[in-house]
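Close look at the chain arrangement
Now for the letters of each chain:
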Amino acid sequence: MRYLVTLLLVLGCFPLDAHAHVTSVSIESFWRTADGNDWSPAFLRAQQSVVSRTALEIRLANRVYICRSRIDVFRGLRVIGTGNGAANGGATGASTQLNFNNGTGGFLTHFAGTYAPEPTVSGYLDIQGVHILGSGGANTHGIQIQNAANIEWVHISGFGGNGFHADCTAPTTNCNRWHVGNSRIVGNTGHGMFLDGADANAGTAYNVSVESNGGRGVFDSSFLGNTYVMMHALENVGISYFTDNANARSVFIGCYSEGCAVHQIVTPSLIIGGFMCGNASATAGMLSSGTTGLSGGGSIQ
């Protein structure tokens, strides 16, 4: 049974802390003088300090950490900041800040076979209470996942690609069951949230605000669909909430599009309640406001 549980954890079938011993460390323990003001190597050393298939918790102080390269995640990794990274008005000074100031991406979780130094391992990210700040850079994403992830109370801004990026298709990647909650994704050049592929499904976004991004607020082209609850969209370029896969069954519950920005939700995905203005797609199959039942795709508002 012990070996079965270990296998399921590696495959992403259990959350990080369900069946694994978690080693808790402070990131300061892994900084070296030669690193100067670059904290990226400390995250690498911290993960290397625990054996494969052992979960690791990294505690961060209430300060700014400069990172001059992307942080690759190849362990079961929990990153704990000190505050509410999703506070209104921005999170600078209100919580731990990871400042990726060299035009790089933020976090990349690796699926088995995608991290060359340890090709047999998978990375899982559980991150809370952190402001992740980018500095542009073409196609650099704030958090890019190749495996399931849990993101809570996080503020993602300033990246040249998407704030949250999940483009997964098994067997090379599989990020089904992703979760983003109580977070803000603001001012990225690409989309706020981007989901695509055959295995970027069954995820949840709860109480997430997508604001002032250069693409859609939410761009969901997943194969089977995801669930969005109490979302908020403001001043994104073009469409606030977008789906385009007629096979997917995404659900938007109580979501709000401030300023009445249009959305595009194609049938059979659903809108239930909330405040979302005119649909940009003539093929969306939306039910009229006030409808009391559902069939196929549509809305109850």
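Residues numbered from 1 in each chain as written. Predicted model: local features only at pLDDT ≥ 70, side-chain atom pairs only at ≥ 80, totals over all residues. Heavy atoms only, no water.

Focus: the packing of aromatic side chains
For the structure shown, the criterion picks out 13 aromatic pairs. Arranged with centres 4.4 Å apart and planes meeting at 10 degrees, the rings of phenylalanine 74 and tyrosine 115 form a pair that is stacked. One end of the pair, phenylalanine 74, is in the loop between β4 (71–73) and β5 (76–80); the other, tyrosine 115, is in the loop between β7 (107–109) and β8 (124–136), and 41 residues separate them in sequence. Tyrosine 115 matches phenylalanine 74 in its accessibility class, with the two residues each being buried. Ring geometry for phenylalanine 100 and phenylalanine 159: centres 6.3 Å apart, planes at 50 degrees, overall tilted. With phenylalanine 100 in strand β6 (residues 96–100) and phenylalanine 159 in strand β10 (residues 149–159), this residue pair connects regions lying 59 residues apart in the sequence. (Phe/Tyr/Trp six-rings, centres within 6.5 Å; stacked < 30°, edge-to-face > 60°. Helix = DSSP H or I, 4+ residues; strand = E, 2+ residues; numbered from the N terminus. Buried < 20%, exposed > 50% of the residue type's maximum accessible area, 1.4 Å probe, protein only.)

Observations regarding the sheet that holds strand β17 (residues 218–222)
The parallel open sheet is built from 7 strands, whose spatial order is β4-β7-β9-β11-β14-β17-β20. In this open sheet, the two strands that pair with only one neighbour each are β4 and β20 (241–243). Put simply, the sheet's adjacent strands are angled 10 degrees from each other on average, direction ignored. Here β4 pairs with β7 via 3 bridges, running parallel. (Pairing = 2+ DSSP bridges. Axes fitted to C-alpha atoms, helices over the stretch in contact; angles between N-to-C directions.)

Re the environment of tyrosine 124
Inspection of the secondary structure puts tyrosine 124 in strand β8. Look at tyrosine 124 and you get buried, because its relative accessible area is 15%. Considered as a pair, tyrosine 124 and leucine 108 are 16 residues apart in the sequence and their alpha carbons are 9.6 Å apart.

Re the pairing of strand β2 (residues 55–59)
Counting buried residues in β2 gives 4 out of 5 residues, a clear majority hidden from the surface. Examined bridge by bridge, strand β1 (residues 22–26) and β2 share 5 bridges and lie parallel to one another. Directly across from serine 24, in β2, lies its bridge partner glutamate 57. Note that the unit made of β1, helix α2 (residues 40–48) and β2 has a crossover that is right-handed. Across 4 bridges, the pairing between β2 and β5 is parallel. Counted as the bridge partner of glutamate 57 is arginine 78 from β5. (Right-handed = clockwise from strand over helix to strand, strands pointing away.)

Focus: α2
Looking at α2, one finds that the buried residues are Ser40, Ala42, Phe43, Ala46 and Gln47. Projected onto a plane normal to the axis of α2, the buried residues spread over an arc of 160 degrees and lie on a single side. Elements that come into contact with the buried residues of α2 comprise β2, β3 (64–67), β4, β5 and β6. (Arc of directions from axis to C-beta. Contact = heavy atoms within 4.5 Å.)

Focus on the state of the cysteines
Under the counting rule described, the total for this entry stands at 1 disulfide. The side chain of cysteine 168 participates in a disulfide bridge whose partner is cysteine 175; the two sulfur atoms lie 2.2 Å from each other. Handedness here is read from the sign of the S-S torsion; for cysteine 168 and cysteine 175, about 120 degrees, the answer is right-handed. (Disulfide = S-S within 2.5 Å.)

Thoughts on the nonpolar core
Grouped together as the largest cluster of nonpolar side chains are 54 residues, with contacts concentrated most on Phe107, Ile127, Ile132, Phe164 and Met193. With 5 residues, β10 is the single largest residue contributor to this core. The residues contacting isoleucine 132, other than those within four sequence positions of it, are Leu98, Phe100, Phe107, Ile127, Gly142, Ile143, Val154, His155, Ile156, Ser157 and Phe159. (Core = buried A, V, L, I, M, F, W, Y, C linked by side-chain atoms within 4.5 Å.)

Some remarks on the confidence of the model for the protein chain
Close inspection of predicted coordinates is inappropriate for parts of the model with low pLDDT. Per-residue confidence for the protein chain gives a mean pLDDT of 85; residues scoring 70 or more make up 82%. With pLDDT under 50 throughout, residues 1–19 is counted as low confidence; its partners more than four residues away or in other chains account for 25 contacts. Here residues 282–301 is a poorly scored stretch, pLDDT under 50, and it has 47 contacts once near neighbours within four places are set aside; other chains count. (pLDDT = per-residue confidence, 0-100.)

Observations concerning the pattern of salt bridges
Applying the stated criterion across every chain, the model contains 6 salt bridges. The partner of arginine 70 in a salt bridge is aspartate 72, with the nearest N and O atoms 2.8 Å apart. One salt bridge in this structure joins glutamate 211 and arginine 184, with 2.8 Å as the shortest N-O distance. On the criterion of sequence distance, the pair formed by glutamate 211 in strand β16 (residues 209–211) and arginine 184 in strand β13 (residues 184–186) is long-range, its members being 27 residues apart. Pair check on accessibility: glutamate 211 and arginine 184 agree, each one buried. Among the ionic contacts, a cluster of salt bridges with common partners joins Glu57, Arg78 and Asp126. (Salt bridge = Lys/Arg side-chain N within 4 Å of Asp/Glu carboxyl O.)

Some details on the environment of glycine 142
Residue position: glycine 142 is located in the loop between β8 and β9 (143–145). Taking the relative accessible area as the measure of exposure, glycine 142 reaches 0% and is therefore buried. Measuring from C-alpha to C-alpha, the distance between glycine 142 and asparagine 188 comes to 8.6 Å, with 46 residues separating the pair along the chain. Once residues lying within four places of it in the same chain are set aside, the contact partners of glycine 142 are Gly106, Phe107, Ile132, Ile156, Phe159, Asn162 and Gly163.

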